[in-house]
Amino acid sequence: MLWTFWVRISYAKIKQGGQEVFNDFKLVEDRPVYIQLKDYLKEMIIKGHLLEHQKLPSTRELSKLLAVSRNTVLNAYADLEQDGIIYAVKGKGNFVGKVVTVKNTSVELHWRERLNKVTLLADELDLMKQEDIHWEKGMISFNSVAPEEKLFDVENFKRAFLTRMSLEGDIVLNYGYAKGYKPLIEYLLHYMERKGVDISNKDILITNGFTEGLDILLSSFAKKSGCVICENPTHHAALKLFRLHGFDIHGIDMRDDGIDIHQVEKSLAAKNFDFAYLIPSYHNPTGIVTSSEKRAEIINLFSKYQIPIVEDGFNEELRYSGSHLAPLITFIGAGNNVIYISSFSKILFPGLRVGWILADRELIHCLESVKRARTIHTSTLDQAVLYQYLQDGYFEKYLKKAKSVYKKKYELARQACKQYIPFKRMTGDGGLHLFIELEQGINARTLLEKCYQRGVVFYPGDVFYSNGEGSNTFRLGFSRLKEEDIVHGIKIIGDTLKNEMGS
């Protein structure tokens, strides 16, 4: 009797002040209304705004009060009852169930004191966090070397998605294999074979982009010398991973046709290295393409010293003139001393985190276990849709269009730099960026600060150097900029150099 009386009093309060009780319910677009109502009522109950055993408005009353359909309220109540948050009494209505909310004394831990050195180092090396100057809307940004979104072949990607889902949707939405999606692996093996690679004793591991591939390799290498030899400057993400894995970095200067082979020879003769990391095509950040002659020299030299090469296939497809140069891994034939890592991220869709490692079959067999232990597998859905896109021939059509657009931007950027920037050296044989070296004594970060005031930002070059050098260098990524912004932005950089920095 007392319980019934209390329920009636509580319900009367809701009826009298219903408008006040539910006045903060607001709908958002693109989400089912009944789910929004369910979540709203659940939150009210958990926060104590609706009490245990309190009667809820009838479906008709609540639908009228909130201006939603009665079916919406029915569905919301049904889900809440299924979750045990409310209960129904036949002939009497719906009531708030027993919801236990535990509120203990809050404890504040000093988490930085509990983090290991690798995590703290990763935070310290995180350029996205550490840079003081950030792009703002309306600025001309030369920071990115990602592809232009407007070029994305969305319609054909949709077709590839629908095709693959109709063929094996139940499979690609389930767990996959650590090694990767077999049709994609086979496609990529033949793709590399067409580039001249002897795949007879090699295999592929699919990874979450290039970065995971390199990370898996670094965690798998035995540290004998603990040293890596690479170009200087080089890819800053690779430098970060080398440091996180505790490798000492020995950088070799870049010439216009690739790494300085004489410095390499002296270094190999003087000390031991666990491996080499090289970017022979459209090198990041210099954009230099290593000549075919030098590629052969590199293979001969590292083979002589029995040092494996990790080859980064960065932007290998974006050559705008002349014949395609074969990757280093083609030079070894049936040998196994080159590990090739690549992805389509910088050419196709960066949002698809799909990369691959092509290497000796025995090595891939072991790396597969590392991959399984870490992330189980790369998204099977992403792999399957990418495979269908490639298999249907869309990639070749897209690449032809993209190269036409990027070539025009590349030539425009080169011409503008020659016209407006008083540089000491400019490199970039293709790809999506140029690298500028200024006269000694001119600090690129000071230039960046001044250009930022005029609405232009770029990537300072010192982050790409393994030895703290490069203060007079910067990278210009032009892929995502409009043609008029490329010219205007470069002119601002040049004017700032001449007028404010005495260059």
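Residues numbered from 1 in each chain as written. Predicted model: local features only at pLDDT ≥ 70, side-chain atom pairs only at ≥ 80, totals over all residues. Heavy atoms only, no water.

Q: Please clarify how the overall build of the chain should be interpreted in this entry.
A: Assigned secondary structure in the chain consists of 18 helices and 16 strands. A compact globule built from 503 residues should have a C-alpha radius of gyration of about 23 Å, whereas the chain, at 30 Å, is more than 25% larger. Scored against the burial criterion, the 503 residues of the chain give a buried share of 50%. When contacts within the chain are restricted to residue pairs at least 6 apart in sequence, those whose partners lie at least 24 apart make up 74%. Carbon and sulfur atoms form 51% of the exposed surface of the chain, whose accessible area is close to 25,300 Å². On the chain, the mean spot of the 66 positive side-chain charges and the mean spot of the 63 negative ones are 6 Å from each other. (Helix = DSSP H or I, 4+ residues; strand = E, 2+ residues; numbered from the N terminus. Rg over C-alpha atoms; globule rule 2.2 N^0.38 Å. Buried < 20%, exposed > 50% of the residue type's maximum accessible area, 1.4 Å probe, protein only. Contact = heavy atoms within 4.5 Å. Areas by Shrake-Rupley, 256 points an atom, 1.4 Å probe, with all protein chains shown as cover. Lys, Arg positive; Asp, Glu negative; His and termini not counted. Charge placed at Lys NZ, Arg CZ, Asp CG, Glu CD.)

Q: Is there a simple way to think about the nonpolar core in this case?
A: Side chains that are nonpolar tend, in soluble globular proteins, to be buried together. The biggest cluster of nonpolar side chains holds 92 residues, and the ones touching the most others in it are Phe-302, Trp-356, Ile-421, Phe-474, Leu-476, Ile-490 and Ile-493. Sorting elements by how many residues they give to this core places helix α16 (residues 394-420) first, with eleven residues. Setting aside anything within four residues of it in sequence, one finds Phe-302 in contact with Ile-229, Val-264, Leu-268, Ala-276, Leu-278, Ile-307 and Ile-309. In this structure, Leu-217, Val-228, Cys-230 and Phe-247 belong to the second largest nonpolar core, which totals 25 residues. (Core = buried A, V, L, I, M, F, W, Y, C linked by side-chain atoms within 4.5 Å.)

Q: Any chance you could explain helix α17 (residues 444-453) here in plain terms?
A: Note on helix geometry: an α-helix contains 3.6 residues per turn, so any two residues three or four positions apart are oriented the same way. Listing the buried residues of α17 in full gives Ala-444, Leu-447, Leu-448 and Cys-451. Summarising the axial view, the buried residues of α17 lie within an arc of 105°, below the 170-degree limit, and thus occupy one face. Of the surrounding elements, those touching the buried residues of α17 are β14 (456-457), β15 (459-460), β16 (473-477) and α18 (483-500). Phi turns positive one or two residues past the end of α17, at Gly-455, with a value near 85°. (Arc of directions from axis to C-beta.)

Q: Which parts of the structure should I look at to understand unusual backbone geometry?
A: When glycine is set aside, most residues are seen to have a negative phi, and most peptide bonds are trans. Cis geometry marks the peptide bond from Asn-232 to Pro-233; its omega dihedral reads 15°. Structurally, the position occupied by Pro-233 is in the loop between β5 (227-232) and α11 (236-244). Residue Pro-285 follows Asn-284 across a cis peptide bond; omega there is 20°. Positionally, Pro-285 belongs in the loop between β8 (275-278) and α13 (292-304). The backbone phi angle of Ala-67 is positive, close to 60°, even though this residue is not glycine. Locating Ala-67 in the fold gives a position in the loop between α4 (59-66) and α5 (70-82).

Q: Honestly, a nonpolar patch on the surface in this entry has me stumped. Any pointers?
A: Side chains of Val-107, Leu-109, Trp-111 and Leu-115 sit close together on the surface and give an oily, nonpolar patch of about 420 Å² of accessible area. Turning to its location among the elements, Val-107 is positioned in the loop between β2 (93-96) and α6 (117-125). (Patch = residues over 30% accessible without salt bridge, like charges linked within 9 Å, V, L, I, M, F, W, Y side chains within 5 Å. Salt bridge = Lys/Arg side-chain N within 4 Å of Asp/Glu carboxyl O.)

Q: I'm lost on the packing of aromatic side chains in this one. Help?
A: Within a pair of aromatic rings, the relevant descriptors are the distance that separates the centres and the angle that separates the planes. This model, assessed by the stated rule, comprises 20 aromatic pairs. Summarising the aromatic geometry, the rings of Phe-152 and Phe-349 are spaced 5.5 Å apart at their centres and angled 85° between planes, so their arrangement reads as edge-to-face. Highlighted residues: Phe-152 in the loop between β3 (140-141) and α8 (154-172) and Phe-349 in the loop between β10 (338-343) and β11 (355-360), separated in sequence by 197 residues. With 6.3 Å between their ring centres and 50° between their planes, Tyr-410 and Phe-478 make a pair best called tilted. Of the two residues, Tyr-410 sits in helix α16 while Phe-478 sits in the loop between β16 and α18, which places them 68 residues apart along the sequence. Overall, Tyr-410 belongs to the buried group, its relative accessible area being 10%. Through pairs of rings, three or more aromatic residues link up here, namely Phe-152, Phe-157, Phe-349, Tyr-389, Tyr-394 and Tyr-398. Directly above the ring of Tyr-187 sits Arg-194, whose terminal nitrogen or CZ lies 5.9 Å from the centroid. Note that Lys-223 overlies the ring of Phe-247, its terminal NZ or CZ placed 5.0 Å from the centroid. (Phe/Tyr/Trp six-rings, centres within 6.5 Å; stacked < 30°, edge-to-face > 60°. Lys NZ or Arg CZ within 6 Å of the ring centre and 35° of its normal.)

Q: Just checking my understanding: could you explain the side chain of Gln-36 for this structure?
A: With respect to the helices and strands, Gln-36 occurs in helix α3 (residues 33-46). Assessed through its relative accessible area of 9%, Gln-36 is described here as buried. Here the side chain of Gln-36 touches Val-28 through a polar contact of 2.8 Å, landing on its backbone nitrogen. In this structure Gln-36 touches Phe-25, Lys-26, Leu-27, Val-28 and Arg-31, once residues within four positions along its chain are discounted. (Polar contact = N/O pair within 3.5 Å; in protein donor to acceptor, adjacent residues only side chain to side chain.)

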